[in-house]
Amino acid sequence: DEITVMEVTGFDGFIMMPLTGYISRYGLEYFDLSTRALYEMTKCFTAEFDIRFFIEKYPDQMFELLSQWAKDPNVHVRRLVSEGTRPRLPWAFQLKAFIKDPTYVIALLTLLKDDCELYVRRSVANNLNDISKEHPQIVIETLKSWQNGSKEMAWITKHALRTLVKAADPRALELLGYSSEIKLESSLRLSTTELNIGDTLAFEVCLKNKDTKAADLLIDYIVWYQKKSGKRTPKVFKLLQKKIAPGSIIELKKEHKFRDLTTRKHHAGVHEIALQINGKVCRKETFRLKN
């Protein structure tokens, strides 16, 4: 029988949530009927959580079906192909087979990489970012093979590599055009070397390009926080992305707050702060945080 879902808009789409959940719970034995229903329902409200049950139970059949859906005229159906196959989709159970081997997923993402909608391309990038946590080299090689010089592909590449860039992966940085082999003179100056929990640390950065050619800079800073155990753990913070001309200087001022948050509690002791430029740590300084 033909299944058709009437179009709904806004928050009305949430009416589909219990229905897609019902299908994944009670409809797993009815592959054709259930996948047709999810196909129609995802046009109104995403079925990205519930399609995963069918991917797990019927991997070969679902690969064939999702390959067809990747060419569907409906943008929500195309996005479902990428979002539903994310190995680590937030708030959903992990697809452990894809965490182990992402070949299946990469093949589907390749069908979607040039999609005309950012909505779909964003999902493609998020999926690759998931995969990069276990298979960085696969993601980097995939993105290299996809490069076509377009601004859309440049956006996907940057968004997909964000976890690897934060980890200063040299392969990811190189793909994005950030070289670690640059002649750069740098300085980091702290406003103080002692402050109390709740205070703000101000610091100044000065960079000078000593090379004869311009360079793209990805400038971060790292804070090594003192933990209750006595160990220090690093956290990377974004500072600036900028091209620096030969012989030119970049000067930056920044303040970093050491106030307790629900997600971070500060502890007294010696802390460290350093610049990270194109993935390379330099100019590390120490300071003491007091109660």
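Note that the structure is predicted; figures quoted are calculated from it, not measured. Counting starts from 1 at the beginning of each chain's written sequence and moves along it residue by residue. The model is predicted, so local features are restricted to residues of pLDDT at least 70 and side-chain atom pairs to those at 80 or more, both for listing and for counting; the totals for chains, interfaces and linings are taken over all residues. To obtain the side-chain values, all non-hydrogen atoms of the structure were used and water was disregarded.

Going along the chain from the N terminus, every DSSP run of H or I of four or more residues is numbered as a helix, and every run of E of two or more is numbered as a strand. Relative to the assigned elements, Ser-186 resides in strand β1 (residues 184-190). Contacts are assigned to residue pairs with any non-hydrogen atoms lying within 4.5 Å of each other. For Ser-186, the contacting residues outside a window of four places in its chain are Cys-206, Leu-207, Leu-275, Ile-277, Cys-282 and Arg-283.

The criterion is simple. A nonpolar core is a set of buried Ala, Val, Leu, Ile, Met, Phe, Trp, Tyr and Cys residues joined through side-chain atoms within 4.5 Å. We call a residue buried when its accessible area falls under 20% of the maximum for its residue type, exposed when it is over 50%, and partly exposed in between, using a 1.4 Å probe and counting protein chains only. In terms of nonpolar packing, the biggest core is built from 49 residues, with Met-62, Leu-66, Trp-69, Tyr-104, Leu-128, Leu-143 and Leu-161 touching the most fellow members. At six residues, helix α7 (residues 103-112) tops the list of elements feeding residues into this core. Setting aside residues no more than four positions away along its own chain, Leu-161 makes contact with Val-139, Ile-140, Leu-143, Ala-172, Leu-175 and Leu-176. Of all hydrophobic cores here, the second largest spans 23 residues; its members include Phe-203, Phe-237, Ile-273 and Leu-275.

We now examine the pattern of salt bridges. Salt-bridge detection follows one rule: a side-chain nitrogen of Lys or Arg within 4 Å of a carboxyl oxygen of Asp or Glu. Inspection of every chain in the model, using the stated rule, returns 18 salt bridges. In this structure, Glu-29 engages Lys-57 in a salt bridge whose closest nitrogen and oxygen atoms are separated by 3.8 Å. Placement of Glu-29 in the loop between α1 (17-26) and α2 (31-41) and of Lys-57 in helix α3 (residues 51-57) is noted, with a sequence separation of 28 residues between them. Owing to a relative accessible area of 57%, Glu-29 belongs among the exposed residues under this scheme. Note on Lys-57: relative accessible area 42%, which makes it partly exposed. Here Lys-290 and Glu-194 are joined by a salt bridge, their closest N and O atoms 3.5 Å apart. Linking Lys-290 in strand β8 (residues 280-290) with Glu-194 in strand β2 (residues 194-196), this pair joins segments that are 96 residues apart in sequence. On the basis of relative accessibility, which here comes to 35%, the residue Lys-290 falls in the partly exposed class. When salt bridges that share partners are traced, they join Glu-48, Arg-79, Glu-83, Arg-86 and Asp-130 into one network.

This part is about the sheet that holds β1. Any two strands with at least two DSSP-identified bridges between them are counted as paired. Strand order in this open sheet of three strands is β1-β3-β6, and the pairing throughout is antiparallel. The open sheet has two edge strands, β1 and β6 (249-257), and neither has a second partner. Across the sheet, the mean angle separating the axes of adjacent strands is 15° when strand polarity is ignored. Pairing of strand β3 (residues 200-209) with β6, which is carried by nine bridges, proceeds in the antiparallel orientation. For Val-205, the partnering residue across the bridge sits in β6 and is Leu-252. Each axis is a line fitted through C-alpha atoms, and for a helix only the stretch in contact is used; angles between axes span 0 to 180 degrees, taken between their N-to-C directions.

Further remarks concern the pairing of strand β7 (residues 269-277). Most of β7 sits inside the fold, with eight of its nine residues counted as buried. With six bridges joining them, strand β4 (residues 215-226) and β7 adopt antiparallel strand pairing. Residue pairing in the sheet places Tyr-221 in a bridge with Leu-275 of β7. Remark: two residues form the turn of the hairpin made by β7 and β8, two consecutive strands paired antiparallel; Asn-278 in that turn has positive phi of roughly 50°.

With that out of the way, let us pick up the packing of aromatic side chains. Put simply, two rings from Phe, Tyr or Trp (the six-membered ring, in Trp's case) pair if the centres are within 6.5 Å, and we call them stacked under 30 degrees between planes, edge-to-face over 60, tilted for the rest. If you walk through the whole model with that rule in mind, you get 10 aromatic pairs. When the ring of Tyr-39 is compared with that of Trp-69, the centres are 5.4 Å apart and the planes differ by 40°; the resulting orientation is tilted. In this pair, Tyr-39 sits in helix α2 while Trp-69 sits in helix α4 (residues 59-69), placing the two residues 30 residues apart along the sequence. The two residues Tyr-39 and Trp-69 agree in class, both being buried. With a centroid separation of 5.2 Å and an interplanar angle of 20°, the aromatic rings of Tyr-221 and Phe-237 are classed as stacked. With Tyr-221 in strand β4 and Phe-237 in strand β5 (residues 232-244), this residue pair connects regions lying 16 residues apart in the sequence. For the pair shown, Tyr-221 and Phe-237 are each scored as buried.

Here we come to helix α9 (residues 136-146). Within the span of α9, buried status applies to Pro-136, Val-139, Ile-140, Thr-142, Leu-143 and Trp-146. Projection of α9 onto a plane perpendicular to its axis shows the buried side chains occupying an angular sector of 160°, all on one side. Buried residues along α9 sit in contact with α7, α8 (118-132), α10 (151-160), α11 (162-166) and α12 (170-175). As used here, the arc belongs to the directions running from the helix axis to the C-beta atoms.

Despite not being glycine, Trp-91 has its phi angle at roughly 65°, a positive value. With respect to the helices, strands and loops of the structure, Trp-91 is situated in the loop between α5 (75-83) and α6 (96-100). One non-glycine residue with positive phi stands out, namely Ala-168, at about 60°. Following the sequence through the fold, Ala-168 ends up in the loop between α11 and α12. The class of Ala-168 is buried, set by a relative accessible area of 16%.

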